[in-house]
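# Structural characterization, general
Next come the chains, spelled out residue by residue.
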Amino acid sequence: MVISFLFFKPLYLTGIIPDMDSKYNYQQFEQEIYKLWEDGKYFSPDTYDNKGKDTFCIMMPPPNANDPLHIGHAMFIALEDIMIRFNRMKGKDTLWLPGTDHAGIETQFVFEKKLKKKKQSRFDFDRETLFKMIWDYVQENSEVATRQMKKIGASADWDRFKFMLDPEIVKIVLDTFSKLHNEDLIYRSMRLVNYCTRCGTSYSELEVDHEDKNDPLYTFQYGPLQVSTVRPETIFGDVALAVHPDDKRYTKYVGTKIKASFPWGEVELPVVADDYVKMDFGTGVLKITPYHDPNDWEVWQRHIDEVPSPTQVVNTFGKLINVPEEFNNLGIVNARKEVVKQLNDSELMIEEKMNPHSVGTCYRCKRTIEPLPLPQFFIKVKPLVEPILKDLNDGNFTVHGAGHDKILKHWLENLKDWNISRQIVWGIRLPVWYNVDDNPDIQVLFVNKDKETVNGTIGKLLNTYSLEEIKQGLQSLNAPEKAEFRINESEPTNGNWIQESDTFDTWFSSAQWPFTTLQSSDHRDDFSRFYPTQVMETGYDILPFWVMRMLMIGKFATGKLPFTNIYLHGLVRDQKGQKMSKSKGNVINPLEIIEKYSADALRMALVIRSSAGLDKSVAEGDFKAMRNFTNKIWNAARYVHFSLEDDVKGDEKTNKEFIEKLSQVEKDVTKQLTDFKLGLAAETTYNEFWHWYCDICIENTKQGKLSSTLLKEGLTKFLLLLHPFVPYVTEAIWSEVNKESKPLIAQSWPL
RNA sequence: GAACUUGUAGCUCAGUUGGUUAGAGCGCAUCAUUGACAUUGAUGAGGUCAGAGGUUCGAAUCCUCUCAAGUUCACCA
């Protein structure tokens, strides 16, 4: 037996392998290969001779310019790169356009933390200086994200790279705002906004988190009635009491005015009847504070003729204003304590018990959101939403991802008008101008030439300061609700004007990403060539923030949907299915994985068996397994190309079956990729390569059953099929065995 | 209160328009292996596909209900 084994050995072994190590040393190849691709301009659609053919374009979701990459970024890069490489090989005119976002609030928040360490705050600087400081800070870090995306193997066209605050993009964003205004879809109005007194800005509905809290509910005597509230400190802003229309206990009060006396003074308030009031909560009597509670605002709107106009009693710093002297300028917490104390002392307090309820908090800093009346710019969403709902129902675009089409529909049907004003500096300033002579009541806050902060109405301040000095040192302004404004991209020439200090919600500019990027391209026909794009690939968590708004604004601004397919990936979780977080210590750093297991292993582990719209768990072992896979590919290629006897003929049956099966694999993988079943396609290539091609076919050839020529051809096909998933190792092999041909990235897909 | 998603091997998950014996990775057991690859190969254990009912020649897959888990939205004086 030993002898016969030795005898057969030479049949399939020719000895040493000249060019390839027995291990795939990814570290030796990855950088070099990426350079080969970049230098050959293989990421650019202009390199290929297929302009005007079917296009395939993905707009990369722009990461924050100054953020290092996390595993979620690695996920989207892997998925998008697979689609891009597949379609490029299919011969489509393919563009993957990368970029970064200024990420308004996020970035300013991080920057302010840095300032705080230096014992500074944003109130030490005028807005222009602050903007420049943040700009420089972002520039310092802006290389980080792109360098890391390249390491993962992203075959994006870096020559078309865009930054959200590039002047050409900003101009288009401003144009869109003007267009919305011209079509009467913008209004400025005093509304209750979600204001964070820590971050100093308002938020849209979507950016408010709700947290369950247990706070005391106070019940106290309010004239002849008893009222329950968790916010006694807003009592100074009350304009009415409300009861349910069917509540017989209080019928006799409805339509009358009650008098109540408190230690700080007397009030006379109307009693109104409204369905909103719940009879069985507390005493069934609700105090109405329209400027500090959204529900009270609604009640007020329904009874606007019966009740007096409200007064604002909490300001943007969370301090009481327009209140009796002893409460003036108290913070909310202290004011509440003081009111409760006085109610207790005067024996008006009846009960204090704990009440579980949910409180709006700032998604950024977790502080309780203060509902405040502020004049803000809003977009009327209904006319924008309706065409999208129709497109969704008509199937003009497809959402890939576990039921998220239904979620999108729900969002579209229930969307409220969009507050796009943000009181921060890091962003695109609204192109809104107020005439200072016509609006002397505009409140301004600015730093004068002596570095002193000055606060007041512009009419008065102009007696002391020049308009130029105010504008230069401006931190913020607050124009009255009725102030007239003009929308203009540059300062109007006739008269004295001052620009609104608010900036756009970050999502207003990112909503326009699919067309601003192309319209501002150095390549003049990019927009007509690539718009609408084919795929928007992003995380399901930003479906309402971003995807929905891209659909709305994209269709409004260009008349066309910005993309036809939406692929939503899920969260990357740890092996126990938990979210990754620094505090849990279960964060996986993609760059460490690349160091340890290769970029290919990182990509494959994230993508294989992942499913659109569902979360994906990964553990260290998964990366290791995929590293082993790359090594398997390497060694199979090494064997087939350098060790195999060339003249194995094989038998007819095995040869025929091989050809049929290979063709079936090609069909399957192609269909799966076309149908956006990326995780399944990765799994198919993995299984078929390893457990069919290697375990069965190579062994068949060793035994003389399968033709060596066919086996070699099969390897070539598999390198093509595998390339989108594991681009580095396949290219490395290609460069070893096909030295004279174009790189694998530019080869044609087998089908 | 509502919507959506999920429930398949010890763990993490695939499973395409319903179609032979339900798969992979990790883990486990036994064996093999100097010669493409120990980052390997072979074999095996391990599943009443959450449960019940229905449609069908045929159901992990479609329908109804129940149970369990998760996510999101809404409300909360």
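Right, let's walk through the structure included here.

### Describing the nonpolar core
Core analysis: the biggest nonpolar cluster contains 101 residues, and Phe689 and Tyr693 have the highest contact counts within it. Here the element with the most residues in this core is helix α3 (residues 71–89); it accounts for 12 residues. In this view, phenylalanine 689 contacts Phe629, Lys632, Ile633, Ala636, Thr684, Cys694, Leu715, Phe718 and Leu722; residues no more than four positions away in its chain are not counted.

### Let's talk about unusual backbone geometry
Cis rather than trans, the peptide bond between tyrosine 531 and proline 532 has omega equal to 0°. By the secondary structure assignment, proline 532 is in the loop between α15 (526–530) and β25 (533–539). The backbone of asparagine 322 sits at a positive phi, close to 55°, despite the residue not being glycine. Summarising the element assignment, asparagine 322 is placed in the loop between α7 (294–302) and α8 (332–345).

### Notes on the packing of aromatic side chains
Per the stated rule, a full pass over the model turns up 45 aromatic pairs. Considering the side-chain rings of tyrosine 24 and phenylalanine 29, the 5.7 Å spacing of their centres and the 25° angle between planes classify their relative orientation as stacked. No difference in accessibility class separates tyrosine 24 from phenylalanine 29, as the two residues are buried. Geometrically, the ring pair formed by phenylalanine 689 and tyrosine 693 is stacked, given 5.4 Å between the ring centres and 15° between the ring planes. Of the two residues, phenylalanine 689 and tyrosine 693 both sit in helix α21 (residues 678–702), 4 residues apart, roughly one turn of that helix. A relative accessible area of 0% means that phenylalanine 689 is categorised as buried. You can call tyrosine 693 buried: its relative accessible area is 0%. Above the plane of the ring of phenylalanine 556 lies lysine 179, whose end atom (NZ or CZ) is 5.0 Å from the centre. Lying over the aromatic face of tyrosine 639, lysine 702 brings its terminal NZ or CZ to 5.4 Å of the ring centre.

### Concerning the sheet that holds strand β22 (residues 486–487)
Spatially, 3 strands are ordered β22-β18-β23 in an open sheet, and the strand pairing comes out antiparallel. Each edge of the open sheet carries a strand with a single partner, namely β22 and β23 (497–499). When strand β18 (residues 432–435) meets β22, the two strands line up antiparallel, connected through 2 bridges. By the bridge assignment, tryptophan 433 is partnered in β22 with arginine 486.

### Observations regarding the pattern of salt bridges
Under the criterion given, the structure shown has 44 salt bridges. Notably, a salt bridge pairs glutamate 106 with arginine 364, separated by 2.4 Å at the nearest N-O pair. A residue pair is termed long-range when its members are at least 10 positions apart, and glutamate 106 in helix α4 (residues 104–117) and arginine 364 in the loop between β13 (349–362) and β14 (370–379) qualify at 258 residues. Assessed through its relative accessible area of 25%, arginine 364 is described here as partly exposed. A salt bridge links aspartate 157 to arginine 160; the nearest nitrogen and oxygen atoms lie 2.6 Å apart. Under the relative-accessibility criterion, aspartate 157 is labelled buried at 2%. With a relative accessible area of 4%, arginine 160 lands in the buried category.

What counts, and where the lines are drawn
- Residues numbered from 1 in each chain as written.
- Chains lettered and ligands numbered in written order.
- Predicted model: local features only at pLDDT ≥ 70, side-chain atom pairs only at ≥ 80, totals over all residues.
- Heavy atoms only, no water.
- Core = buried A, V, L, I, M, F, W, Y, C linked by side-chain atoms within 4.5 Å.
- Buried < 20%, exposed > 50% of the residue type's maximum accessible area, 1.4 Å probe, protein only.
- Helix = DSSP H or I, 4+ residues; strand = E, 2+ residues; numbered from the N terminus.
- Contact = heavy atoms within 4.5 Å.
- Phe/Tyr/Trp six-rings, centres within 6.5 Å; stacked < 30°, edge-to-face > 60°.
- Lys NZ or Arg CZ within 6 Å of the ring centre and 35° of its normal.
- Pairing = 2+ DSSP bridges.
- Salt bridge = Lys/Arg side-chain N within 4 Å of Asp/Glu carboxyl O.

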